[in-house]
Amino acid sequence: QVQLEESGGGLVQAEGSLRLSCAASGRTFSSYVTVWFRQVPGKEREFIAFISKDGGRTWYANFVKGRFTILRDNAKNTVYLQMNRLNPEDTADYYCAAGFDFGRIQTRVSGFDSWGQGTQVTVSS
């Protein structure tokens, strides 16, 4: 497993931007695919974005396409989530996760065994 720590959350106005970071330590981060999920209290954790080990392949949930971008810098053991044109429905706790590369895009919570503690994002109207 790899240890993950998210940062960059906060309060932002609608139409604003935030950049979340997910810093990894413990194992070779470049060996893992990485994703971002989010969760609102009382609801299931929701897939947002996927990035392959080398960053060459990405995949997004429909509701963030064109607004969010997932990036990674393996030299810094960090994955980012650039969030633009935020709206109040994006308010949630955001989590990054890392997992084994099964050679396909992975979007299920069960596919990942390393999770960060989350960072809170609040978007005001």
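Residues numbered from 1 in each chain as written. Predicted model: local features only at pLDDT ≥ 70, side-chain atom pairs only at ≥ 80, totals over all residues. Heavy atoms only, no water.

A. View of the overall build of the protein chain. In terms of helices and strands, the protein chain carries 0 helices and 11 strands. Along the protein chain, from the amino end to the carboxyl end, the secondary structure elements read β-β-β-β-β-β-β-β-β-β-β. Taken over C-alpha atoms, the radius of gyration comes to 13 Å for the protein chain, in line with the 14 Å a tight globule of 125 residues would show. With the principal axes as the frame, the protein chain shows a C-alpha extent of 40 × 25 × 25 Å. Taking all 125 residues of the protein chain together, 42% fall into the buried category. Across the protein chain, every contact between residues at least 6 apart in sequence was considered, and the portion connecting residues at least 24 apart equals 57%. Carbon and sulfur atoms form 44% of the exposed surface of the protein chain, whose accessible area is close to 6,600 Å². (Helix = DSSP H or I, 4+ residues; strand = E, 2+ residues; numbered from the N terminus. Rg over C-alpha atoms; globule rule 2.2 N^0.38 Å. Buried < 20%, exposed > 50% of the residue type's maximum accessible area, 1.4 Å probe, protein only. Contact = heavy atoms within 4.5 Å. Areas by Shrake-Rupley, 256 points an atom, 1.4 Å probe, with all protein chains shown as cover.)

B. Representation of the sheet that holds strand β3 (residues 18–25) in the model. With antiparallel pairing, the 4 strands of this open sheet are ordered in space as β1-β3-β8-β7. On the outer flanks of this sheet lie β1 (3–7) and β7 (68–73), each paired with one strand and no other. Each strand of the sheet is rotated relative to its neighbour by a mean of 15°, with strand direction disregarded. Direction of pairing for β1 relative to β3: antiparallel, over a ladder of 5 bridges. Its bridge partner being in β3, S7 is matched across the sheet by S21. (Pairing = 2+ DSSP bridges. Axes fitted to C-alpha atoms, helices over the stretch in contact; angles between N-to-C directions.)

C. Spotlight on the state of the cysteines. Applying the stated rule across the entire model yields 1 disulfide. Between the sulfur of C22 and that of C96 lies a disulfide, 2.0 Å long from S to S. Here the S-S torsion is close to 70°, and the disulfide linking C22 with C96 is therefore right-handed. Of this pair, C22 sits in strand β3 while C96 sits in strand β9 (residues 92–99), and the two are 74 residues apart along the sequence. Note on accessibility: C22 and C96 belong to one class, buried. (Disulfide = S-S within 2.5 Å.)

D. Local environment of the packing of aromatic side chains. Scanning all chains against the criterion turns up 4 aromatic pairs. Pairing F100 with F102 gives two aromatic rings, centres 5.1 Å apart and planes at 75°, and the pair type is edge-to-face. Each residue in the set F37, F47, F112 and W115 is aromatic and connected to the rest through ring pairs, giving one cluster. The cationic tip of R19 hangs over the ring face of Y80; the distance from NZ or CZ to the ring centre is 4.3 Å. One Lys or Arg, R72, reaches over the ring of F29 and ends 4.6 Å from the middle of that ring. (Phe/Tyr/Trp six-rings, centres within 6.5 Å; stacked < 30°, edge-to-face > 60°. Lys NZ or Arg CZ within 6 Å of the ring centre and 35° of its normal.)

E. Structural detail: the layout of surface pockets. Approximately 180 Å³ is the volume attributed to the largest pocket. For the largest pocket, the full set of lining residues is R38, Q39, V40, K43, E44, R45, E46, F63, R67, N87, E89 and D90. Tallied by class, residues from the lining of the largest pocket come to 2 nonpolar, 2 polar and 8 charged. (1 Å grid on protein atoms, 1.4 Å probe; cavity = no way out; pocket = protein on both sides within 12 Å on 5 of 7 lines; lining within 4 Å. Points joined across faces, edges and corners; volume = space filled by probe spheres on them. Nonpolar A, V, L, I, M, F, W, Y, C, P; charged D, E, K, R; others polar.)

F. Structural view of the nonpolar core. Counting residues in hydrophobic clusters, the biggest one holds 35 residues, and the most contacted among them are W36, L81, M83 and Y94. When residues of this core are traced back to their parent elements, those giving at least two are β3, β4 (33–39), β5 (46–51), β7, β8 (78–83), β9 and β11 (119–124). (Core = buried A, V, L, I, M, F, W, Y, C linked by side-chain atoms within 4.5 Å.)

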